Amino acid sequence: MGDWVSFLDSDDCLMPHALEIMHGFTGGDSTDVVAGEYSRQNREAVDGRVLSREMNGVEATREGLYQRGINTSACCKLYRRSAIGDVRFKKGIWYEDLDFFSRLFPGLRKVVAIDAKVYFYRDNSGSFINTFSEERLDVLQVTLHMEQDLVEAYPSLRGCARDRRLSANFNMFCLLAIHDRAGRYRVVSDECWEVIKSRRWACLFDPSVRIKNKAGCLVSYLGRGILSLLARMVYR
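Reading the values: rules and limits
Residues numbered from 1 in each chain as written. Predicted model: local features only at pLDDT ≥ 70, side-chain atom pairs only at ≥ 80, totals over all residues. Heavy atoms only, no water. Helix = DSSP H or I, 4+ residues; strand = E, 2+ residues; numbered from the N terminus. Rg over C-alpha atoms; globule rule 2.2 N^0.38 Å. Buried < 20%, exposed > 50% of the residue type's maximum accessible area, 1.4 Å probe, protein only. Contact = heavy atoms within 4.5 Å. Lys, Arg positive; Asp, Glu negative; His and termini not counted. Charge placed at Lys NZ, Arg CZ, Asp CG, Glu CD. Expected span 1.5 Å × (residues − 1). Patch = residues over 30% accessible without salt bridge, like charges linked within 9 Å, V, L, I, M, F, W, Y side chains within 5 Å. Areas by Shrake-Rupley, 256 points an atom, 1.4 Å probe, with all protein chains shown as cover. Salt bridge = Lys/Arg side-chain N within 4 Å of Asp/Glu carboxyl O. Core = buried A, V, L, I, M, F, W, Y, C linked by side-chain atoms within 4.5 Å. pLDDT = per-residue confidence, 0-100. Phe/Tyr/Trp six-rings, centres within 6.5 Å; stacked < 30°, edge-to-face > 60°.

1. What about the overall build of the protein chain?
Along the protein chain, the regular secondary structure elements total nine helices and six strands. Taking 2.2 N^0.38 as the reference for a compact globule, 236 residues should give roughly 18 Å; the C-alpha atoms of the protein chain span a radius of gyration of 19 Å, in line with that estimate. Projecting the C-alpha coordinates of the protein chain onto the three principal axes gives extents of approximately 55 × 40 × 35 Å. A burial count over the protein chain gives 50% of its 236 residues as buried. Put simply, of all contacts in the protein chain between residues at least 6 apart along the chain, 77% involve residues at least 24 apart. The positive charge centre, built from 34 side chains, and the negative charge centre, built from 31, are 6 Å apart in the protein chain.

2. Some points on helix α6 (residues 158-179)
The end-to-end C-alpha distance of α6, which contains 22 residues, comes to 32 Å, matching closely the 32 Å that a straight helix rising 1.5 Å per residue would cover. With respect to burial, α6 is a largely interior element, 19 of its 22 residues being buried.

3. Things to note about a nonpolar patch on the surface
Side chains of Leu222, Ile226, Leu229, Leu230, Met233 and Val234 sit close together on the surface and give an oily, nonpolar patch of about 550 Å² of accessible area. Relative to the assigned elements, Ile226 resides in helix α9 (residues 224-235). Judged by its relative accessible area of 36%, Ile226 is partly exposed.

4. A look at the nonpolar core
If you look at the biggest cluster of nonpolar residues, it comprises 48 residues, and the most contacted ones within it are Ile70, Tyr79, Leu104, Phe105, Val111 and Met172. For this core, the secondary structure elements donating two or more residues are β3 (31-39), α2 (57-65), α4 (96-104), β6 (110-120), α5 (138-153), α6 and α7 (186-204). At nine residues, the largest contribution of residues to this core is made by α6. Those residues within four positions of Met172 in sequence are excluded, and the remaining contacts are Tyr95, Arg136, Leu137, Val139, Leu140 and Cys192. Residues Ala18, Val34, Val50 and Phe120 belong to the second largest nonpolar core, which totals 17 residues.

5. Concerning the confidence of the model for the protein chain
Put simply, the protein chain has an average pLDDT of 92, and 95% of its residues get 70 or more. pLDDT under 50 marks residues 126-130. Its contacts with residues more than four places away, or in other chains, come to 13 contacts.

6. Observations concerning the pattern of salt bridges
In this structure the tally under the stated criterion is 14 salt bridges. A salt bridge links Asp32 to Arg80, with the shortest nitrogen-to-oxygen separation between them at 3.9 Å. On the criterion of sequence distance, the pair formed by Asp32 in strand β3 and Arg80 in strand β5 (residues 77-80) is long-range, its members being 48 residues apart. Residue classification places Arg80 among the buried residues on the basis of a relative accessible area of 13%. Among the ionic contacts, a cluster of salt bridges with common partners joins Asp32, Arg80 and Arg109.

7. Re the packing of aromatic side chains
One pair of aromatic rings is described through two measures. These are the centre distance and the angle between the planes. Inspection of every chain in the model, using the stated rule, returns nine aromatic pairs. Here Tyr79 and Phe100 contribute two aromatic rings whose centre-to-centre distance is 6.1 Å and whose plane-to-plane angle is 75°, an arrangement assigned as edge-to-face. On the criterion of sequence distance, the pair formed by Tyr79 in strand β5 and Phe100 in helix α4 is long-range, its members being 21 residues apart. Under the relative-accessibility criterion, Tyr79 is labelled buried at 1%. Judged by its relative accessible area of 2%, Phe100 is buried.

Here it is as structure tokens:
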């Protein structure tokens, strides 16, 4: 059993020398995770100097949940096995990466983020993330529990947890507006709308929230019908 662990989805692949590159930034006993980047464009080897920056686990979690910088995918990272401890992927959920990230990262000692694209994400039009299915709705429960747990254990992460939950509810609300014309998931859509209304004001005035999310918050003030109509126009 090795000291370091990495994850790879079955339809993706690592870039040439990816593990070697990430392992090169594991120096010192305090580094728990080396986080690289992924590419959807090509599978070329890393070319040129690799830049790195260091942060603690709370800082890395904030970046990931604000969706700025480190991504929350379990892939394109190298983990110290002992840092993972007894944190495991939960069975029966589809957004297991986000759940795993939110439970593991806050307690890490040091995360090293590198600007090298070490992972090739193969786009598949029929994949889970590119299609709508009932399973995708579990992101609503994942982000609900994530927000509750993080606010209790790490009060400083309230803003990013709130924003990530808002983002998930925006996404599902828009997907339902497009794919659920029959109203089968009307109750779920109603719940998403209530979360949007309850969190949009705080997110509008949070300087770390992405412009895309702020724009969605502003549009939501025009009403539920307008937001649904724009979702159909933009993503049809």
